[in-house]
Amino acid sequence: MANEALLIKHTGSGKQVEYPILSASMGADTVDIRALHKDFGCFTFDPGFIATASCKSKITYIDGDNGTLLYRGYPIEQLAQHCDFIEVAYLLMNGELPDATQLRNFNEEILDRATIHESLRKFFDGFHYDAHPMAMSISVVGSLSAFYHSDLDIRDPVSRRVCAARLLGKMPTIAAASFRHSVGRPFVYPRIDLGYCENFLNMMFSRSSQTYIDQNHYIDPEFVKALNLLFILHADHEQNASTSTVRLVGSTGANPYACISAGIAALWGPAHGGANEAVLTMLSEIGNVDNVPKYIARAKDSNDPFRLMGFGHRVYKHFDPRATILRSMCHDILKKTRSNDPLFELALAIEEIALKDDYFIEKKLYPNVDFYSGIIYKALGIPVDMFTVMFAIARTAGWVAHWLEMMGDASSPIGRPRQLYLGPEQRDCVAIKDR
Ligand code: SDX
C-alpha cells in the first residue's frame, strides 16, 4: 500500500485529513495517526489496545485467524521440532538462528551468569515459607537492579546484551530457589555440566544440599525434552500484556531488571500467564466430569463472572498453534508418566464438551496455551503455584528481545497514553469551615 492513506473527515466541521498507511511485511498495515490531536483536537479511544499498534517490531508475528505464530519468520512448529530453547532465545534476540560456534558461546555466556550473588540468595530467607513463588520472583528479579546498577549503561548495546544474558541465566536459578524455599529444601547451585532445562530441573528436584554438587543427579531426558518444548512455545508472543509492560517501563529508561520484574508482575494475572495455575484451580473446583455441564453453563452466563480458564484469546480466534502442539505432548506425557490423576481426564472432558458447544464456537473460544501447559507441568511434578513462574522463565527470552529491540531504536518515545476524561469540570474548592 505504498503512499496509500486513510481519509478522516470530521462531520461537524467538514474538515478532512489524510493519514498515511504504514505497510507491514506481514499482516495488518497501520494508520499513522500521531497528528490526529493536532489536526482535530481529539484522541482515539481503544481500551485494551484492541486495534492499536504500540510499536514497530520484527520479532514475532501472529495471525489469529489462521493460527500462525512465527518467531523471526520461522513457524513455531518448526522451531519446536528442530531447536532447543537457548537457540530460540538467541534467535529472538539476534534475528537469526545461531551457528554451532555462536550457540556454544551463547550457552557458555548464559551458564556463566546463572549463579546469583550470595547476598541475593539470602533474600529468600526473608520470605515466609508459604510465600507465592511469583511474589518471590518479582521481588528477587527486581532486586537484581540493586546489584547491577552503578556500572550499567543502557545506552551501550554491549551493556544491554550483558543484561539480557544475565536475566536469561539467572531466571531459572531464582525460580528454582523460590521453590526450594517454599518446600524448606536447601538451595541448589547451577552446574556447569548441565544444559539449560536440565540445570533447572536439577536445581528444582536435586536431593543435593547447597554445600556440594550432587554427582548422582538423574533427570529424565523425556522431561528435559518436554520442558524444552514448553519453554520454546512460551518464549514470545508479540505485544501481549506482560511484554507491553516491559516495553512501557523500559521506555522510561528504567533499569532492565526492574523492567523484567514488572513483566513478571503483569504475567501473574489469571487473564494472562496466571491462567495455567487458574486452570488447575478450576479443575479442582469442578472436581469431576458430572459437574462439567454446570460450569460450562456458568461460563456462558454473562451474569456469572466465572470464565473457563485456558479458553479464549485476544488474538487467536481459532486454535492457538501452541495449544495444538501441547495437546499431543500432553497425551504423550500422561502416557509416559502413567498419570491417572482424575484432573487430566476432567480436562479432556471439558475440552471435548466446550469445543462442541455453540457458545464457544460462536465466540471462537478455543483452548489456549495455558489450558494444556498446566496439565503437563503437573505431570512433570511441577507444583501448581510454580506454573506461572515456568511461564516467566520462558517469556524472559521474549521480554529481553523486545527490550533490546526498543532500546536499540533511538526513535522509541516514552510510552504515555492519553484518556477520555469524564470527571468533573473545573470547580472552586471552599475551605472546610465553609462546607
Ligand atoms: C495468555 O496476549 C497474549 O498473547 C497472551 C498469551 C501469551 O502468550 O502472552 O497468549 C498468554 O494470556 C493466554 C490467555 C490466558 N487466559 C485465559 O485462559 C483466561 C480465560 N480467557 C479470558 O479471560 C479471555 O478469553 C482473554 C482474556 C484471554 C481474552 O479476552 P478478550 O480478547 O478481551 O475477549 P473478551 O474478554 O472481550 O471476550 C469476548 C467474549 C465475551 O463475551 P461477550 O461479552 O461478548 O458476551 O467471549 C467471552 C467474554 O465473556 N469469553 C469467555 C471466555 N473468554 C472470553 N467466556 C467464557 N470463558 C472464557 N474463557
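Source: prediction; values computed, not measured.

### Some details on the overall build of the chain
Secondary structure assignment for the chain yields 18 helices and six strands. At 24 Å, the chain has a C-alpha radius of gyration in line with the 22 Å of a compact globule built from 435 residues. Across its three principal axes, the chain shows a C-alpha extent of roughly 80 × 65 × 60 Å. Pairs at least 24 residues apart make up 70% of the contacts formed inside the chain by residues separated by at least 6 positions. Accessible area of the chain: about 22,000 Å², with a carbon and sulfur share of 53%. Side-chain charges in the chain split into 43 positive and 50 negative, and the spacing between the mean points of these groups amounts to 4 Å.

### Side note on helix H12 (residues 275–286)
Spanning twelve residues, H12 covers 16 Å between terminal C-alpha atoms, matching the ideal 16 Å at 1.5 Å per step. Taken across its twelve residues, H12 has nine buried, putting it largely inside the fold. Structurally, H12 contributes buried residues whose contacts are with helix H13 (292–300), helix H15 (342–356), helix H17 (369–379) and helix H18 (387–407). A positive phi of about 80° marks glycine 287, the residue just after H12.

### Observations concerning the sheet that holds strand E4 (residues 60–63)
Spatially, the three strands line up as an open sheet ordered E4-E5-E6, and their pairing is antiparallel. Every interior strand has two partners, whereas the edge strands, E4 and strand E6 (74–75), have only one. Two strands pair when backbone bridges link them, and strand E5 (residues 68–71) and E6 are joined in this way by two bridges, in the antiparallel orientation. Bridged to tyrosine 71 within E6 is tyrosine 74.

### A look at the site of the ligand
Near the ligand, the surroundings consist of 23 residues, among which His237, Gly310, His313, Arg322 and Arg395 are the closest. Side-chain polar atom of arginine 322 to an oxygen atom of the ligand: 2.7 Å apart, as the coordinates give it. Contact between the ligand and asparagine 368: an oxygen atom at 2.9 Å from a side-chain N or O atom of the residue. Classifying every residue of the shell around the ligand by side-chain character gives ten nonpolar, seven polar and six charged.

### Considering the domain arrangement of the chain
Segmenting the chain into domains produces domain 1 (2–53) and domain 2 (74–408). A C-alpha centroid distance of 36 Å is found between domain 1 and domain 2.

### Some details on the packing of helix H10 (residues 241–250) against helix H11 (residues 256–267)
Packing of H10 against H11 brings their axes to within 8 Å, and their N-to-C directions diverge by 150°. Between H10 and H11, the angle is such that the two are roughly antiparallel. The element H10 and its partner H11 pack so that their crossing is right-handed. Of the residues in H11, those in contact with Ala241, Ser242, Thr245, Val246, Val249 and Gly250 of H10 are Cys259, Ile260, Ala262, Gly263, Ala266 and Leu267. Tallied by class, residues from the contact of H10 with H11 come to eight nonpolar, four polar and no charged.

### Description of the environment of phenylalanine 311
For phenylalanine 311, the location among the structural elements is in the loop between H13 and helix H14 (321–336). Overall, phenylalanine 311 belongs to the buried group, its relative accessible area being 11%. Sequence separation of phenylalanine 311 and valine 17 is 294 residues, and the distance between their C-alpha atoms is 41 Å. Discounting residues that sit within four places of it in the chain, phenylalanine 311 has contacts with Ile350, Glu351, Ala354, Phe360, Leu365, Tyr366, Pro367, Asn368 and Phe371.

### Comments concerning the sheet that holds strand E3 (residues 30–31)
Strand order in the open sheet made by the three strands is E1-E2-E3, with antiparallel pairing throughout. Of all the strands in the sheet, the pair left with one neighbour each is strand E1 (5–9) and E3. The pairing of E1 with strand E2 (residues 16–22) spans five bridges and is antiparallel. Paired with leucine 6 across the two strands is tyrosine 19, which belongs to E2.

### A look at the layout of surface pockets
For the second largest pocket, the calculated volume is near 200 Å³. Secondary-structure elements contributing two or more residues to the lining of the second largest pocket are helix H9 (221–233) and H14. Top contributing element to the lining of the second largest pocket by residue count: H14, with six residues. Partitioning the lining of the second largest pocket into residue classes produces five nonpolar, one polar and four charged.

### What about the pattern of salt bridges?
If the charged atoms of two oppositely charged side chains come close together, the side chains can form a pair. Within this structure, the stated rule accounts for 13 salt bridges. Ionic pairing is found between arginine 34 and aspartate 32, a salt bridge with its closest N-O pair at 2.6 Å. For arginine 34, a relative accessible area of 73% translates into the label exposed. With a relative accessible area of 16%, aspartate 32 lands in the buried category. Here arginine 298 ties to glutamate 285 by a salt bridge, and the two come within 3.6 Å at their closest N and O atoms. Remark: glutamate 285 occurs in helix H12 and arginine 298 occurs in helix H13; sequence separation between them is 13 residues.

### What to know about the packing of aromatic side chains
Counted under the stated rule, the structure contains 17 aromatic pairs. Relative to tyrosine 372, the ring of phenylalanine 371 has its centre 5.1 Å away and its plane inclined at 85°; by these criteria the two rings are edge-to-face. Assessed through its relative accessible area of 0%, phenylalanine 371 is described here as buried. Residue tyrosine 372 is classed as buried on the basis of its relative accessible area, which comes to 1%. A network of ring pairs unites the aromatic residues Phe311, Tyr359, Phe360, Phe371 and Tyr372 as a single cluster. A cation sits over an aromatic face here: lysine 15 above phenylalanine 40, 5.3 Å from the ring centre. Note that arginine 166 overlies the ring of tyrosine 148, its terminal NZ or CZ placed 3.7 Å from the centroid.

What counts and what doesn't
- Residues numbered from 1 in each chain as written.
- Predicted model: local features only at pLDDT ≥ 70, side-chain atom pairs only at ≥ 80, totals over all residues.
- Heavy atoms only, no water.
- Helix = DSSP H or I, 4+ residues; strand = E, 2+ residues; numbered from the N terminus.
- Rg over C-alpha atoms; globule rule 2.2 N^0.38 Å.
- Contact = heavy atoms within 4.5 Å.
- Areas by Shrake-Rupley, 256 points an atom, 1.4 Å probe, with all protein chains shown as cover.
- Lys, Arg positive; Asp, Glu negative; His and termini not counted.
- Charge placed at Lys NZ, Arg CZ, Asp CG, Glu CD.
- Expected span 1.5 Å × (residues − 1).
- Buried < 20%, exposed > 50% of the residue type's maximum accessible area, 1.4 Å probe, protein only.
- Pairing = 2+ DSSP bridges.
- Near = heavy atom within 4 Å.
- Polar contact = N/O pair within 3.5 Å; in protein donor to acceptor, adjacent residues only side chain to side chain.
- Nonpolar A, V, L, I, M, F, W, Y, C, P; charged D, E, K, R; others polar.
- Domains from an automatic or database assignment.
- Axes fitted to C-alpha atoms, helices over the stretch in contact; angles between N-to-C directions.
- Parallel < 35°, antiparallel > 145°, perpendicular 65-115°, else oblique.
- Left-handed = near helix turned anticlockwise from the far one by under 90°.
- 1 Å grid on protein atoms, 1.4 Å probe; cavity = no way out; pocket = protein on both sides within 12 Å on 5 of 7 lines; lining within 4 Å.
- Points joined across faces, edges and corners; volume = space filled by probe spheres on them.
- Salt bridge = Lys/Arg side-chain N within 4 Å of Asp/Glu carboxyl O.
- Phe/Tyr/Trp six-rings, centres within 6.5 Å; stacked < 30°, edge-to-face > 60°.
- Lys NZ or Arg CZ within 6 Å of the ring centre and 35° of its normal.

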